[in-house]
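Here is what each chain is made of, one letter per residue.
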Amino acid sequence: MSLVATMSKIKEIYKKHPVLSNLVFIIITGLLLLWAVLLFLDSWTFHGATAIVPDIKHKSYSEASSTLAANSLSIEISDSIYDRNIAPGTVVESWPKAGAVVKEGRQVYVTITAFSPKQVTISMPLTGNVSSRQAMSYLRGIGITDIRLETVPSEFADLVVGARYGDTPLSVGSVIPVTSTVTLQIGTGPASDDLDSLEDEETIVEENFEAYE
């Protein structure tokens, strides 16, 4: 059957069954569009293309980025930590792990060492009616572990009389590095000489009272 005859036959069927013909046309068009979308998604998502995550631990961020790019992967910083024993910007952890098989173009999330220590804000009074135990517990809770204690004469024992970072007094709102050395001045209470004098005064008062009786 020639092409002209075929076209004539199709026109004849369309005239006799217009509704059915339109329905068939819609179905065919939908199938063609679905096929085109699937082809596009295969290309867009690199369907079937894989890559192996290389080992990038202990590399600098720039070296890790270049290594991943050479393997059709990208890099994304997910977290940072401060470690004075490791050079800043060094990759200390990655996910997915080295050796994992992933799709090309995937992001690899890394944890790197920070270039400066984390800053913390003092949000609780460290002096006044605060014991040394309370102050030390609070400082450790916000990440400060280098705490030094100095004893100073005071009216009450074991209360924090002063707190400082270097020569700077600490108060609510002070912002300091988490690696800071914080010095707490702890009161020792009344001196023993003062206690002796108080006891002597109490003895004299008692003797005078007995003599009066």
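Reference entry: report on the structure contained in this document. Because the structure is a prediction, the values reported are computed rather than measured.

1. What about a nonpolar patch on the surface?
Phase 1 of the analysis: Taken together, the side chains of Leu-20, Leu-23, Val-24, Ile-27, Ile-28, Leu-31 and Leu-32 make up a nonpolar region of the molecular surface, amounting to roughly 670 Å² of accessible area.
Phase 2 of the analysis: Residue position: Leu-31 is located in helix α2 (residues 18-44).
Phase 3 of the analysis: By relative accessible area, which is 54% here, Leu-31 ends up exposed.

2. Some points on helix α4 (residues 132-141)
Phase 1 of the analysis: Among the residues making up α4, those that are buried are Ser-132, Ala-135, Met-136, Tyr-138 and Leu-139. Buried residues of α4, viewed axially, fall in a sector of 160 degrees; they line one side. In α4, the exposed positions angled more than 90 degrees off the buried face are occupied by Arg-133 and Gly-141.
Phase 2 of the analysis: If you follow the buried residues of α4, they end up packed against β6 (119-121), β7 (146-152), β8 (157-165) and β11 (181-188).
Phase 3 of the analysis: Where α4 terminates, the next one or two residues include Gly-143, which has phi positive at roughly 105 degrees.

3. With respect to the sheet that holds strand β5 (residues 107-113)
Phase 1 of the analysis: Read across the sheet, three strands follow the order β2-β5-β3 without closing on themselves; strand pairing throughout is mixed. With one partner strand each, in any of the chains shown, β2 (74-81) and β3 (91-95) form the two edges of the open sheet. In this sheet, neighbouring strand axes are inclined to one another by 30 degrees on average, regardless of whether the strands run parallel or antiparallel.
Phase 2 of the analysis: Bridge count between β2 and β5: seven bridges; the pairing is parallel. Of the residues in β5, the one forming a bridge with Ile-77 is Val-110.
Phase 3 of the analysis: Along the sheet, helix α3 (residues 61-70) contacts β2, β3 and β5; its crossing angle with β2, the most-contacted strand, is approximately 150 degrees.

4. Things to note about the environment of Pro-153
Phase 1 of the analysis: Assignment of secondary structure puts Pro-153 in the loop between β7 and β8.
Phase 2 of the analysis: The exposure class assigned to Pro-153 is exposed, which follows from its relative accessible area of 74%.
Phase 3 of the analysis: Separated by 35 residues in the primary sequence, Pro-153 and Thr-188 have C-alpha atoms spaced 5.3 Å apart.

5. Some thoughts on the sheet that holds β11
Phase 1 of the analysis: Across the sheet, four strands lie side by side as β7-β11-β8-β9; this open sheet has mixed pairing. Strand pairing shows two members of the sheet lacking a second neighbour, β7 and β9 (168-169), which therefore form its edges.
Phase 2 of the analysis: Inspection of the sheet shows β8 paired to β9 by two bridges, in the antiparallel sense. Bridged to Arg-164 within β9 is Pro-169.
Phase 3 of the analysis: The strands touched by α4 within the sheet are β7, β8 and β11, with β11 carrying the most contacts at an inclination of about 170 degrees.

6. Notes on unusual backbone geometry
Phase 1 of the analysis: In this model, Trp-95 is joined to Pro-96 through a cis peptide bond whose omega is 0 degrees.
Phase 2 of the analysis: Within the secondary structure, Pro-96 is located in the loop between β3 and β4 (101-103).
Phase 3 of the analysis: Residue Ser-72 is not a glycine yet carries a positive backbone phi of 60 degrees.
Phase 4 of the analysis: Structurally, the position occupied by Ser-72 is in the loop between α3 and β2.
Phase 5 of the analysis: Overall, the relative accessible area of 34% leaves Ser-72 in the partly exposed class.
Phase 6 of the analysis: At Asp-158, a residue that is not glycine, the phi angle is positive and equals roughly 70 degrees.
Phase 7 of the analysis: By secondary structure assignment, the location of Asp-158 is in strand β8.
Phase 8 of the analysis: Asp-158 sits in the partly exposed class, given a relative accessible area of 37%.

7. Structural notes on the nonpolar core
Phase 1 of the analysis: In terms of nonpolar packing, the biggest core is built from 18 residues, with Leu-126, Leu-139, Ile-144, Ile-176, Val-182 and Leu-184 touching the most fellow members.
Phase 2 of the analysis: Elements supplying a minimum of two residues to this core: α4, β8 and β11.
Phase 3 of the analysis: Of the residues forming this core, the biggest block, four residues, is contributed by α4.
Phase 4 of the analysis: If we skip the residues at most four places from it in the chain, Ile-144 touches Val-120, Leu-139, Ile-176, Val-178, Ser-180 and Val-182.
Phase 5 of the analysis: Counting residues in each nonpolar core, the second largest holds twelve residues, with Ala-51, Val-53, Val-91 and Val-108 among its members.

Each value, and the rule that gives it
- Along each chain, numbering runs from 1 in the same order as the chain's sequence is written.
- Predicted model: local features are reported for residues with pLDDT of at least 70 only, side-chain atom pairs are reported and counted for 80 or more only, and whole-chain, interface and lining totals are derived from all residues.
- As a convention, hydrogens and water are excluded, and side-chain values are obtained from all of the structure's heavy atoms.
- In this scheme, patches are assembled from residues that exceed 30% relative accessible area and form no salt bridge. Like charges are connected within 9 Å, while nonpolar side chains (Val, Leu, Ile, Met, Phe, Trp, Tyr) are connected within 5 Å.
- Exposure was quantified through the Shrake-Rupley algorithm and a 1.4 Å probe, taking into account, for residues, occlusion by the shown protein chains and nothing else.
- By convention in these notes, a salt bridge is any Lys or Arg side-chain nitrogen within 4 Å of a carboxyl oxygen on Asp or Glu.
- By the criteria applied, helices consist of DSSP H or I runs no shorter than four residues and strands consist of E runs no shorter than two, each listed in order from the N terminus.
- When a residue's accessible area, from a 1.4 Å probe over protein chains only, is under 20% of the maximum for its type it is buried; when over 50% it is exposed; and in between it is partly exposed.
- To be clear, the arc concerns the directions from the helix axis to the C-beta atoms.
- Whether two residues touch is decided by their heavy atoms; if any such pair falls within 4.5 Å, the residues are in contact.
- Pairing between two strands requires that DSSP report at least two bridges joining them.
- Angles here are taken between N-to-C directions and fall from 0 to 180 degrees, while the axes themselves are lines fitted to C-alpha atoms, restricted in helices to the stretch in contact.
- Only buried residues count toward a nonpolar core, which is a set of Ala, Val, Leu, Ile, Met, Phe, Trp, Tyr and Cys residues joined through side-chain atoms within 4.5 Å.

None of this, on its own, says anything about what the molecule does.
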